Amino acid sequence: MSIIEEAVRKSAEQRHRQDASAPQVARTRVRRVTPAPVEMAQAKEYQRVSLDAGVLEQNRILPRISDQAALRAYKILRTRVLRRLEANQWRVLAVSGVTVGEGKTLTAINLAIALSQDVNTWVFLVDLDLQRPRVASYLGLSGLGGEKGLSDYLLGEAPFESILYSPDIERLSVVPNFQPVPQSSELLSSPRMIELMQALENEVPRRIIVLDMPPVLASDDVLAFSPQIDGLLLVVAEGATSRDSLQTAKEVLAEMNLLGVVLNRSSERDDSAYYSYDQGSAGSRP
Ligand SMILES: Nc1ncnc2c1ncn2[C@@H]1O[C@H](COP(=O)(O)OP(=O)(O)OP(=O)(O)O)[C@@H](O)[C@H]1O
Ligand SMILES: [Mg+2]
């Protein structure tokens, strides 16, 4: 059994235990019946920003992706993630990986956009890679001039409202970061960060928070922030994520609820181009 399979199996077992011990009322409540409609008055608008279609296309960001296989794969990923979040009543989803450059940021951004394309889902995309923030540049938000981001807030130099942006993608709001900051794990567990998470969760009902995070092996950031995370989506890249690094990451992963594994940069085409690896498919993949 591969390390990924083992990790997925463990998290499935954990989920099973949680489900079994959950009171009956809680289990029936989370069924996908008719989602409660969100009051439009509660769906606030933040600082408006227009996204440049050319930048999105160049950076392979939805909705400017024309590759049909990738589009299909993101939709499948969106649906699986949504189902799992709802089944567990989870709202805070961290996207991480094992080592650098596996496609975490691209996956976090495109998943956040794909989730917001579901008419019942409001999404906050938060750049929590404090040392290598990239969400702003992938979306073309950098260079607006005088903009404030997460690090300004964490350092006490900007209020909550000034770091929230509404791009022209319905139901999506973004908390970008424009400046890398040292002591990232200390900042991530600071009272100000915890306040921010509470404030985001209070903004709109049914809001999912997607966190773009650094790799689990590069720092202790993911571990330090794990009490705030409901589920972890692990991005691995074909040909780039080694078995050894996955082995090393196992201990960190064991501390968290693994929501699924995305195989990015797969050489296989069609629906498996970006493959969502979850409980149901754990047995069929090497
Ligand atoms: N499936 C893909 N197809 C083509 N290019 C991709 C794919 N996934 C990621 N890339 C490219 O690989 C590079 C790294 O991607 P990304 O920044 O998302 O990785 P990351 O894991 O967040 O990196 P870091 O560890 O530095 O945060 C980017 O140039 C991105 O456009
Ligand atoms: Mg990244």
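Rules of the game
- Residues numbered from 1 in each chain as written.
- Chains lettered and ligands numbered in written order.
- Predicted model: local features only at pLDDT ≥ 70, side-chain atom pairs only at ≥ 80, totals over all residues.
- Heavy atoms only, no water.
- Helix = DSSP H or I, 4+ residues; strand = E, 2+ residues; numbered from the N terminus.
- Buried < 20%, exposed > 50% of the residue type's maximum accessible area, 1.4 Å probe, protein only.
- Contact = heavy atoms within 4.5 Å.
- Areas by Shrake-Rupley, 256 points an atom, 1.4 Å probe, with all protein chains shown as cover.
- Axes fitted to C-alpha atoms, helices over the stretch in contact; angles between N-to-C directions.
- Parallel < 35°, antiparallel > 145°, perpendicular 65-115°, else oblique.
- Nonpolar A, V, L, I, M, F, W, Y, C, P; charged D, E, K, R; others polar.
- Near = heavy atom within 4 Å.
- Polar contact = N/O pair within 3.5 Å; in protein donor to acceptor, adjacent residues only side chain to side chain.
- pLDDT = per-residue confidence, 0-100.
- Phe/Tyr/Trp six-rings, centres within 6.5 Å; stacked < 30°, edge-to-face > 60°.
- Core = buried A, V, L, I, M, F, W, Y, C linked by side-chain atoms within 4.5 Å.

For the protein, the count of helices and strands is 11 helices and 9 strands. Counting across all 286 residues of the protein, residues that qualify as buried make up 54%. Considering only residue pairs separated by 6 or more positions, the protein has 80% of its internal contacts joining residues 24 or more positions apart. For the protein, the computed accessible surface area is about 13300 Å², with 48% contributed by carbon and sulfur atoms.

It is worth spelling out the packing of helix α4 (residues 68-88) against helix α5 (residues 104-116) at this point. Orientation of α4 relative to α5, taken along the N-to-C sense of each, is 75 degrees, at an axis distance of 9 Å. Viewed along their axes, α4 and α5 adopt a mutual orientation that is roughly perpendicular. On the side of α4, the interface is formed by Tyr74, Leu77, Arg78, Val81 and Leu82, while α5 contributes Leu106, Thr107, Asn110, Leu111, Ala114 and Leu115. A class-by-class count of the residues in the contact of α4 with α5 yields 8 nonpolar, 2 polar and 1 charged.

With that settled, consider the site of ligand 1. Contacts to ligand 1 come from 14 residues, most closely from Lys104, Arg132, Tyr138, Asn264 and Arg265. Here Glu102 contributes a backbone N or O atom positioned 2.9 Å from an oxygen atom of ligand 1. Between an oxygen atom of ligand 1 and a side-chain N or O atom of Arg132, the distance comes to 2.6 Å. Considering ligand 1 on its own, with 620 Å² of exposed area, one finds that the protein chains cover 81% of that surface. Residues of the shell around ligand 1, tallied by class, amount to 4 nonpolar, 4 polar and 6 charged.

Once that is clear, we can look at the confidence of the model for the protein. Mean pLDDT over the protein stands at 82; residues scoring 70 or higher make up 77%. Every residue in residues 21-35 is under pLDDT 50, and counting partners more than four places away or in other chains gives 12 contacts. Counted against residues more than four places away or in other chains, residues 271-286, with its pLDDT under 50, gives 43 contacts.

Here the residue pair Leu62 and Pro63 is connected by a cis peptide bond, since its omega of 0 degrees sits within 30 degrees of zero. For Pro63, the position within the fold is in the loop between α3 (53-58) and α4. Even without glycine at this site, Arg60 takes up a positive phi of about 60 degrees. Relative to the elements of secondary structure, Arg60 occurs in the loop between α3 and α4. Unlike most non-glycine residues, Arg171 shows phi in positive territory, near 70 degrees. In this structure, Arg171 sits in the loop between β4 (165-167) and β5 (172-175).

The tally for this structure, following the rule as stated, stands at 2 aromatic pairs. A centroid spacing of 6.0 Å and a plane angle of 35 degrees characterise the contact between Tyr46 and Phe124, whose relative ring orientation is tilted. Taken together, the positions of Tyr46 in the loop between α2 (24-29) and β1 (47-49) and Phe124 in strand β3 (residues 122-127) put the pair 78 residues apart, joining distant regions of the chain. Classification of Tyr46 as buried rests on a relative accessible area of 12%. Relative accessible area serves as the criterion here: at 0%, Phe124 is assigned to the buried category. Measuring from ring centre to ring centre gives 6.4 Å for Tyr165 and Phe178, while their planes differ by 80 degrees; the resulting arrangement is edge-to-face. In this pair, Tyr165 sits in strand β4 while Phe178 sits in the loop between β5 and α8 (184-188), placing the two residues 13 residues apart along the sequence.

This part covers the nonpolar core. Membership of the largest hydrophobic core comes to 41 residues, with the highest contact counts inside it found for Leu150 and Leu211. Counting residues in hydrophobic clusters, the runner-up holds 40 residues, among them Leu82, Trp90, Leu106 and Val174.

Here we take up the environment of Ser142. Its place among the elements puts Ser142 in the loop between α6 (135-139) and α7 (150-154). Classification of Ser142 as partly exposed rests on a relative accessible area of 39%. As a C-alpha pair, Ser142 and Phe178 span 36 residues in sequence and 7.0 Å in three-dimensional space. Apart from the residues lying within four places of it in its own chain, the contact partners of Ser142 are Ala136, Ser137, Glu147 and Phe178.

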